[in-house]
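Chain and residue survey
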Amino acid sequence: MNDCENITVTEFYLTPFSTSRINEVLIFTGFLLIYLLAVVGNLIIIVLVCSTPQLHTPMYFFLCNLSSVDVIYVSAILPKMLSVIITEYKMISFSGCFIQLYFFMFCAVTDNYILTCMAYDRYVAICSPLHYFLIMTKKVCLITAISCFTISAVNTLIFTVFMSTLSFCYSHEINHFFCDIIPLLALSSSDTRSTKMILSIDDIFNSFNLLFILTSYVRIIITVVKMRSSGGQFKALSSCSSHITTVLLFYGPSIFIYLKPESEDFKEQGKIISILYVAVVPMLNPFVYSLRNKDVLGAAK
């Protein structure tokens, strides 16, 4: 272990997918399309929300923040992966790896908080409609958004710095298409029990966000059931449908991949599942909020 600690790691090697060259070209084409759709789609949402007065509401303010984070999300991971696939140059520097890890964690945690804020916004809009604009003021929304970004940035920075102090001397080959937490921990030659404990504590705190979202929707459903008008019930539920879809897309793959027991067979499956929450979900969010939302469609027209 002493010899290991004296070794200075300068680079890692990513191993995206074990397949033929023809399949790699097809994968590259597919991911390039996903990346372009994700960036362009989210940028369109940002431009529409910022430039259209009728979209200057709390719900679309948080949607604009979500789209901004998603642009960073895909840009931190997919360009490097595309470069590895097309050039077969798999090296990523030590600093580059942990910068990628930082932005991946920052975006994931920030998405978590923003989705929670959006759930609270829907809760207030449906359960306390008369007090909505008194509670969800511009000042409250701005402070909430800044808090989400600040807490995520600081928390992620501390964990990333802690991860970068681990030793990596037995192998520098990351069995993934980006620098994710679990593959790096599996690669480390240090005692990772304390790191895993910190990660578990973070996961517990982050799970409170999901619990808050579920509680909000239980209250929303109770309120909707009590409505006498079927038209009012439909309008209330339709205003939540886009957010519910996004929550399911975001939390579903994440929960599955982090609760699944580690095994050799699951490592390749884990790569495929990771694609969902780092590429597919950011690409689908603009479509979910545009195709199912008359206000966004009207602004686009």
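Within an unreviewed UniProt entry, the label attached to the protein chain reads Olfactory receptor, and the organism entered is Eleutherodactylus coqui. Per UniProt, the comment on the protein chain under Subcellular location (unreviewed entry) is "Cell membrane". UniProt, in the comment section headed Sequence similarities (unreviewed entry), describes the protein chain in these words: "Belongs to the G-protein coupled receptor 1 family."

**A short note on the overall build of the protein chain**
Assigned secondary structure in the protein chain consists of 11 helices and three strands. Shown N-terminal to C-terminal, the secondary structure of the protein chain runs as helices and strands in the order α-β-α-α-β-α-α-α-β-α-α-α-α-α. For the protein chain, restricting intrachain contacts to residue pairs at least 6 apart in sequence, the fraction spanning at least 24 positions comes to 78%. Surface summary for the protein chain: the accessible area is close to 15,500 Å², and the carbon and sulfur share equals 69%.

**Looking at the packing of aromatic side chains**
One pass over the structure, following the stated rule, counts 17 aromatic pairs. Seen in terms of ring centroids, Phe94 and Phe98 are 4.8 Å apart; in terms of plane orientation they differ by 50°. Their pairing is tilted. Here Phe94 and its partner Phe98 are both found in helix 4 (residues 94–127), four residues apart, which amounts to about one turn of the helix. Here a set of aromatic residues connected by ring pairs shows up, and it is made of Phe12, Phe94, Phe98 and Phe168.

**Details of helix 6 (residues 138–164)**
With 27 residues, helix 6 ought to run about 39 Å at 1.5 Å a step, and its terminal C-alpha atoms sit 39 Å apart, in line with that. Every buried residue belonging to helix 6 is among Cys141, Ala145, Cys148, Ser152, Thr156, Phe159, Thr160 and Met163, and all of these are buried. Those residues of helix 6 hidden inside the fold are in contact with helix 3 (58–87), helix 4, helix 7 (181–187) and helix 8 (193–226).

**Considering a nonpolar patch on the surface**
Together, Met197, Ile201, Ile204, Phe205, Phe208 and Leu211 make up an exposed nonpolar region whose accessible area comes to about 650 Å². Summarising the element assignment, Met197 is placed in helix 8. On the basis of relative accessibility, which here comes to 55%, the residue Met197 falls in the exposed class.

**So, the state of the cysteines**
Scanning all chains against the criterion turns up one disulfide. Free of any disulfide, Cys117 has its nearest neighbouring cysteine sulfur in Cys148, separated by 3.6 Å. The closest cysteine sulfur to the non-disulfide-bonded Cys141 is located on Cys117, 8.6 Å from its own sulfur. By relative accessible area, which is 4% here, Cys141 ends up buried.

**A word on the sheet that holds strand 1 (residues 11–14)**
With mixed pairing, three strands are arranged side by side in an open sheet as 2-1-3. Two strands bound the open sheet, and with one partner strand each, they are strand 2 (91–93) and strand 3 (173–174).

**What to know about the UniProt feature "transmembrane region" (unreviewed entry) in the protein chain**
Here, the residues flagged by UniProt with the feature "transmembrane region" (unreviewed entry) are residues 25–48, 60–78, 98–120, 140–163, 204–225, 237–259 and 271–291. Across residues 98–120, the secondary structure splits into 100% helix and 0% strand, with the terminal C-alpha atoms separated by 33 Å. Secondary structure content for residues 204–225 is 100% helix and 0% strand, while the C-alpha to C-alpha distance between its ends is 32 Å.

**Remarks on the packing of helix 3 against helix 6**
At their nearest, the axes of helix 3 and helix 6 sit 11 Å apart, and the two run at 20° to each other. Considering the angle they form, helix 3 stands roughly parallel to helix 6. In this structure, helix 3 crosses over helix 6, and the sense of that crossing is right-handed. Of the residues in helix 6, those touching helix 3 at Pro58, Phe61, Phe62, Asn65 and Val69 are Cys141, Leu142, Thr144, Ala145 and Phe149. Along the lines of polarity and charge, the residues of the contact of helix 3 with helix 6 split into eight nonpolar, two polar and no charged.

Cut-offs applied
Position labels on residues start from 1 in each chain and follow its written sequence. Totals for whole chains, interfaces and linings use all residues, but because this is a predicted model, local features are given only for residues with pLDDT of at least 70 and pairs of side-chain atoms are given and counted only at 80 or more. The basis for every side-chain value is the complete set of heavy atoms in the structure, and neither hydrogens nor water enter the calculation. UniProt positions are given in the numbering used here, feature names are shortened, and annotations may be inferred rather than shown by experiment. Labels follow the DSSP assignment, with helices taken as runs of H or I lasting at least four residues and strands as runs of E lasting at least two, numbered in each case from the N terminus. By definition, residues are in contact when any of their heavy atoms lie within 4.5 Å. Only the protein chains shown count as cover for residues, with accessible areas throughout obtained via the Shrake-Rupley method and a probe of 1.4 Å. The pairing test for Phe, Tyr and Trp rings, Trp by its six-membered ring, is centres within 6.5 Å, and the orientation test on the planes gives stacked under 30 degrees, edge-to-face over 60, and tilted for anything in between. In this scheme, a helix's expected span is set at 1.5 Å multiplied by one less than its residue total. Accessibility here uses a 1.4 Å probe with only protein chains present; expressed as a share of the type maximum, an area under 20% marks a residue as buried, one over 50% as exposed, and anything in between as partly exposed. Patches draw on residues past 30% relative accessible area with no salt bridge. Two like charges within 9 Å are joined, as are two nonpolar side chains (Val, Leu, Ile, Met, Phe, Trp, Tyr) within 5 Å. Salt bridge, as applied in this entry: a Lys or Arg side-chain nitrogen positioned within 4 Å of an Asp or Glu carboxyl oxygen. Two cysteine sulfur atoms make up a disulfide if the distance between them is within 2.5 Å. When DSSP finds at least two bridges between two strands, those strands are taken to pair. The axes are straight lines fitted to the C-alpha atoms, using for helices just the contacting stretch, and the angles between their N-to-C directions are given from 0 to 180°. Working definition: roughly parallel below 35 degrees, roughly antiparallel above 145 degrees, roughly perpendicular at 65 to 115 degrees, and oblique for all remaining angles. The handedness criterion is simple: a crossing whose near helix is rotated anticlockwise from the far helix by less than a right angle is left-handed, and one whose near helix is rotated clockwise is right-handed. We call Asp, Glu, Lys and Arg charged. Ala, Val, Leu, Ile, Met, Phe, Trp, Tyr, Cys and Pro are nonpolar, and the rest, Gly among them, are polar.

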